[in-house]
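# Descriptive structure summary
One letter stands for each residue in the lines below.
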Amino acid sequence: MMVGCVKDFFTYQTNKSVVVKSWTIGIINRVVQLLIIAYFIGWVFMHEKAYQTRDSAIESSVMTKVKGFGSLNDHIMDVADYVTPTQGASMFCLITKIIATENQVQGKCPEFTSPKERKYICVNDSQCEEGKSANTGVLTGRCIPFGEKNKSCEVKGWCPAENDGVVIKPMMEVQNFTIFIKNSIRFPLFNFTKGNFLPNISKEHIGKCNFDPDHDKFCPIFKVGDVLRFAHQNFTTLAHKGGVIGIKIGWVCDLDRSDDECIPSYSFTRLDAMSQGSSVSPGYNFRFAKYYKMENGTEYRTLLKAYAIRFDVLVYGNAGKFDMIPTLINMVAAFTSVGVGTVLCDIILLNFLKGADQYKAKKFEEVTEAEVQRSSSLVEGMYRTREHSELSVRLDEKQSGDSGAFSLVRYD
């Protein structure tokens with residue numbers, strides 16, 4: 001067995017061409033080759049533009065500005081009231097409703113407990129673990145009166161404790177607010193820069209346009225209600241609970257064409273869709289406070305729990321330009337892949353077609369050194385026999401043509 005393994009290891013294979021005149025296998029071979037060629041021409045070169053070098057490391061700058069006025073809790077709200085943060089960055093929030101807890105000071109008070117969540121309702125001090133964190137402060141270990149009939153654990157912190165169960169009507173005017181987006185991009189590999197202010201956009205046009213995917217798809221001003229509609233979201237639901245909306249700006253540019261053909265495309269989606277069907281912290285809200293001081297130096301604050309629609313402006317894209325190196329690489333790959341048709345046809349020919357054994361016998365042939373030596377000896381013997389016969393014939397012809405003189409003929 002060991003000798004056989006060694007012999008099998010030291011073997012050499014060479015290709016043997018076999019011409020198979022079969023309509024079936026011939027049609028399969030040409031169809032596979034045509035499909036491979038069509039794939040490389042149609043998909044690889046024309047659709048994917050494999051002849052280009054691509055730059056996906058897009059550099060982007062986004063500036064935003066919101067305009068509009070609304071009414072919340074009998075107050076007229078402007079941009080400084082409902083937009084946070086105020087820097088005009090790619091992420092900003094539009095506050096739709098606020099629950100305010102005013103005149104909070106540092107002290108001790110009963111922890112607020114809603115009728116639905118009676119977690120900190122107690123009967124005696126043993127139910128209030130001292131030092132444990134609660135919703136609005138740290139438990140003191142005391143059970144004190146809360147309301148007319150109940151008792152609640154006492155907390156140390158900002159008092160009075162927040163009651164976030166208050167029903168507040170949201171600011172419905174938010175859906176009429178407008179968002180102005182200024183976006184600049186650069187592809188560093190090609191040192192190509194562009195912005196979403198196209199040449200045909202003038203100051204007069206921006207002053208009166210609103211983005212519309214059918215009639216004005218390059219206007220950089222977006223109405224909040226339209227954005228939510230394009231993202232398939234209900235404004236009333238978002239105004240009550242909050243949510244996160246993505247405004248996506250795509251730059252896919254073919255730099256082999258004119259620079260004017262490198263244009264942005266806008267799309268809209270709900271980014272926190274997973275929280276919609278969850279009862280645990282649905283929507284989007286956050287807290288912040290405004291701090292003040294009394295005349296005697298005592299600090300107090302107004303705690304604000306804000307429900308908001310958060311907008312994230314996401315910029316993505318890539319640019320491509322003709323390059324000889326990827327072109328040659330993909331052309332070689334295309335020519336090499338045409339040979340896949342031969343492999344497929346061999347599998348069908350040697351395993352599935354009628355007469356597969358005969359095809360195998362024609363395609364594969366084993367030759368050993370002993371057979372080569374025997375074949376060589378046989379050929380050499382035949383050659384010598386033929387040479388001897390020809391010599392004999394030549395000498396006989398010489399004797400028969402002699403004029404009667406004595407001749408000596410030697411046969412070796």
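It should be noted that the structure appears before, not after, this text.
Below you will find a few notes about this structure. The model shown is predicted, which means the values in this text are computed figures rather than measured ones. (Residues numbered from 1 in each chain as written. Predicted model: local features only at pLDDT ≥ 70, side-chain atom pairs only at ≥ 80, totals over all residues. Heavy atoms only, no water.)

## Structural notes on the pattern of salt bridges
Basically, it comes down to this: Whenever Lys or Arg places a side-chain nitrogen within 4 Å of a carboxyl oxygen from Asp or Glu, that contact is recorded as a salt bridge. The secondary structure listing takes helices from DSSP runs of H or I that are at least 4 residues long and strands from runs of E that are at least 2 residues long, numbered from the N terminus. Exposure categories follow from relative accessible area, calculated using a 1.4 Å probe and restricted to protein chains: below 20% of the type maximum is buried, above 50% is exposed, and the middle band is partly exposed.
Under the counting rule described, the total for this entry stands at 10 salt bridges. With its nearest N and O atoms 3.4 Å apart, the salt bridge here joins E154 to R142. With E154 in strand β8 (residues 150-159) and R142 in strand β7 (residues 137-146), this residue pair connects regions lying 12 residues apart in the sequence. By relative accessible area, R142 is classed as partly exposed at 45%. Between R287 and D164 there is a salt bridge, with the nearest N and O atoms lying 3.5 Å from each other. Of the two residues, R287 is situated in strand β14 (residues 285-293) and D164 in the loop between β8 and β9 (178-187); the sequence distance between them amounts to 123 residues. Residue R287 is classed as partly exposed on the basis of its relative accessible area, which comes to 43%. Here the salt bridges do not stand alone but share partners, grouping E162, D164, R287 and K305 into one network.

## Thoughts on the environment of A134
Definition in use: Note on contacts: a residue pair is in contact if any heavy atoms of the two residues lie within 4.5 Å.
Note that A134 resides in the loop between β6 (91-110) and β7. Judged by its relative accessible area of 17%, A134 falls in the buried class. Remark: the alpha-carbon pair of A134 and V155, spanning 21 residues in sequence, is separated by 7.4 Å. If sequence neighbours within four positions are ignored, A134 has contacts with E111, Y120, L139 and V155.

## Here's the deal with the state of the cysteines
Where two cysteines share a covalent bond between their sulfur atoms, that bond is called a disulfide. Basically, it comes down to this: Put simply, a disulfide is two cysteine sulfurs that come within 2.5 Å.
Using the criterion set out here, one finds 5 disulfides in the structure. What pairs with C122 in a disulfide is C143, and their sulfur atoms sit 2.0 Å apart. With the S-S dihedral at roughly 100°, the linkage between C122 and C143 falls on the right-handed side. Of this pair, C122 sits in the loop between β6 and β7 while C143 sits in strand β7, and the two are 21 residues apart along the sequence. The exposure class of C122 is buried, given its relative accessible area of 5%. Through a disulfide, C209 is tied to C219; the S-S separation comes to 2.0 Å. Linking C209 and C219, the disulfide has an S-S dihedral of approximately 75° and is accordingly described as right-handed.

## So, the packing of aromatic side chains
In this description, a pair of aromatic rings is defined by centroid distance and the angle of the planes. Under the convention used in this document: A pair of aromatic rings is counted whenever rings of Phe, Tyr or Trp (Trp by its six-membered ring) have centres within 6.5 Å, and the orientation is called stacked for planes under 30 degrees apart, edge-to-face for over 60 and tilted otherwise. Comment: the charge-over-ring label is applied if NZ (Lys) or CZ (Arg) is within 6 Å of the ring centre and within 35 degrees of the ring normal.
Per the stated rule, a full pass over the model turns up 17 aromatic pairs. Relative to Y266, the ring of F222 lies with its centre 5.1 Å away and its plane at 65°, an arrangement referred to as edge-to-face. Here the residue F222 occupies a position in strand β11 (residues 221-223), and Y266 occupies one in strand β13 (residues 264-270), the gap between them amounting to 44 residues. Y266 matches F222 in its accessibility class, with the two residues each being buried. Ring-pair connections join several aromatic residues into one group, and the members of that group are F211, F222, F230, Y266 and F268. One residue, K97, lies across the ring of Y307, its end atom 4.6 Å from the ring centre.

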